[in-house]
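Now for the letters of each chain:
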Amino acid sequence: MKGTVKAGVIEQSESRYSELRKMLEDRRRELRAAVQGKIRDVREEASWGNKQTEVLDAGESSESDIQDDIEFALIQMKSETLNKIEDALGRLEQGNYGNCFECAEEIAEKRLRALPFAVRCKDCEEAREVAERRERQLAARRGGASLFFDM
Ligand SMILES: [Zn+2]
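Bear in mind that the values here come from a model prediction, so they are computed numbers and not experimental data.

(A) Structural view of the pattern of salt bridges. Per the stated rule, a full pass over the model turns up 15 salt bridges. Linking Lys-122 and Glu-126 is a salt bridge whose minimum nitrogen-to-oxygen distance equals 3.3 Å. With Lys-122 and Glu-126 both in helix α4 (residues 122-141) and four residues apart, this pair spans about one turn of that helix.

This is the structure in structure tokens:
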């Protein structure tokens, strides 16, 4: 009976590993496609924009510049996420992914699907958020400008 349970545990963690790897690889594929697609879009828009420049007045042209900036910022954000996914895959290979920093328990797969870069389990994260909120309140009460914006 003991042996069966043990075998079950090993099997479960192997399936967890492959589930997590699949999840991360899917994300990586989506992000790569999105980043490459976006870069293509921006290039197309840029060449389209150049042809249209003459008919646009200054206001419209600066609006399209802002649009380009937003597009580039999005690409950059996605690239950074892509790097984090690569990093997470590396850590998964080494067995350092998906466990809580605080209590070392496995982070629920559902949580990792929603937040692939979560480093704490739900309980520890909530405890930390409560502690941070208290910190912020204390800092605000001390009259310091809050540097802890929620991003
Ligand atoms: Zn924890």
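Having seen it, we continue.
(B) View of the coordination of the zinc ion. Only Cys-100 (SG), Cys-103 (SG), Cys-121 (SG) and Cys-124 (SG) from the protein coordinate the zinc ion, and they sit 2.2 to 2.3 Å from it. Of note is the zinc ion, whose four donor atoms meet at the metal with angles of 103 to 116° in an arrangement that counts as tetrahedral. Going along the chain, you hit the donors of the zinc ion in the pattern C-x2-C-x17-C-x2-C. With a gap of 21 residues between them, Cys-100 in the loop between α2 (58-93) and α3 (109-114) and Cys-121 in the loop between α3 and α4 connect regions that are remote in the sequence. Judged on exposure class, the residue Cys-100 and its partner Cys-121 are both buried.

Rules behind the numbers
- Residues numbered from 1 in each chain as written.
- Predicted model: local features only at pLDDT ≥ 70, side-chain atom pairs only at ≥ 80, totals over all residues.
- Heavy atoms only, no water.
- Salt bridge = Lys/Arg side-chain N within 4 Å of Asp/Glu carboxyl O.
- Helix = DSSP H or I, 4+ residues; strand = E, 2+ residues; numbered from the N terminus.
- Donors = N, O, S within 2.8 Å, 3.2 Å for Na, K, Ca; no water.
- Tetrahedral: all angles 85-135°; square planar, octahedral: opposite > 155°, others 65-115°.
- Buried < 20%, exposed > 50% of the residue type's maximum accessible area, 1.4 Å probe, protein only.

Fair warning: the whole summary comes from geometry, so function is off the table for now.
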